[in-house]
Amino acid sequence: MLNIYNVINYKTNKEYMNFTALCPEHSDFTRAVLFNRLKDKYPNYKDYIYNYYGLHKGIDKLKDIDKASKLINKWLDNEDTHYAVVCDYDSDGINSGVVQYLMLTTVFKVKEENISVFVNKRKTGNGFSKTLVKRILDRNIERHIDIIISSDHGSSNEASFKILKEHNIDMVITDHHEIDYNNYPHSATVFINNQREDSEYSKNVSGCFVVFLVLMKTYMDRLNTKDILPLNHIL
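Counting from 1, residues in each chain are numbered in the order their sequence is written. Only residues with pLDDT of at least 70 are given local features in this predicted model, and only at 80 or more are side-chain atom pairs given and counted; all residues enter the totals for whole chains, interfaces and linings. The side-chain quantities take in all heavy atoms of the structure and omit both hydrogens and water.

Quick word on the nonpolar core
Part 1: By nonpolar core we mean a set of buried residues, namely Ala, Val, Leu, Ile, Met, Phe, Trp, Tyr and Cys, connected to one another through side-chain atoms within 4.5 Å. Exposure categories follow from relative accessible area, calculated using a 1.4 Å probe and restricted to protein chains: below 20% of the type maximum is buried, above 50% is exposed, and the middle band is partly exposed. Membership of the largest hydrophobic core comes to 37 residues, with the highest contact counts inside it found for Ile72, Met103, Phe108, Ile147, Met216 and Leu231.
Part 2: Here a helix means four or more residues in a row that DSSP labels H or I, a strand means two or more in a row labelled E, and each is numbered from the N terminus. Elements with a minimum of two residues in this core: helix H5 (65–76), strand S1 (83–87), helix H6 (91–107), strand S3 (147–151), strand S5 (190–193) and helix H9 (207–223).
Part 3: The next biggest cluster of nonpolar side chains, apart from the first, holds 19 residues, and it includes Phe128, Ile145, Met171 and Ile173.

Details of the sheet that holds S3
Part 1: Strand pairing is assigned whenever DSSP detects at least two bridges linking the two strands. Across the sheet, five strands lie side by side as S2-S1-S3-S4-S5; this open sheet has parallel pairing. Each end of this open sheet is capped by a strand with a single partner; those strands are strand S2 (115–119) and S5. Here the strands of the sheet are splayed against their neighbours by 15° on average, with no regard to which way each runs.
Part 2: Examined bridge by bridge, S3 and strand S4 (residues 170–175) share four bridges and lie parallel to one another. Across the sheet, residue serine 150 finds its bridge partner in S4, namely isoleucine 173. Interaxial angles span 0 to 180 degrees and are taken between N-to-C directions of axes, which are lines fitted to C-alpha atoms, for helices over the stretch in contact.

Some details on H9
Each full turn of the α-helix corresponds to 3.6 residues, which orients residues three or four apart in the same direction.
Part 1: The span you would expect from a helix comes to 1.5 Å times its residue count less one. Over its 17 residues, H9 extends 25 Å from the first C-alpha to the last, a length consistent with the 24 Å expected when each residue adds 1.5 Å.
Part 2: Of all 17 residues that make up H9, 13 are buried, and the element is covered over most of its length.
Part 3: A positive phi of about 50° marks asparagine 224, the residue just after H9.

In structure tokens, the structure reads:
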């Protein structure tokens, strides 16, 4: 087990000190964890630390990610776009909401006042429950929502999306859960889920990672780059 005693002892290790020079922005504990995991496997530490290690490879296997990128980029071209960040209420959902918020504000430079955040409350039901839809529509009355970007839920909420679509709201629904094909979200503008039968991307990733991939693709397309080092603070 790694504890603070191990971290202190690592400071006397020359190899560890060379390693820390590559990631000075991380805490001692984080660097010790990374070093402990990477020292025998990845001689090129920096590639792994900054997630150059193949993150963008095969990204197009995530079905319709290109459509999501084009739609989000279209709205990013308008500085007055009102975004709704909608996420689930668990560790994966909250983290995915944070990823969305940080990407929008720190990478795409969206003003905070142009983002409304909605966290689903499990006591009112999973996914886009009637209560969650009402909260979104109440906010939409106050100020029209142009696009919803969701994470970690929504794969079986067609009825809810049909209602939201009637209010002229674009929806990029991202998830990683099994899909109820009897309630497939046809009304979502774009539906991204690695569990889709026509998606060839890994089935073993989190909802947080799925939405990150979508926004990473958006970033790469927007800047016409494969350099994702500027996204390191998100990771």
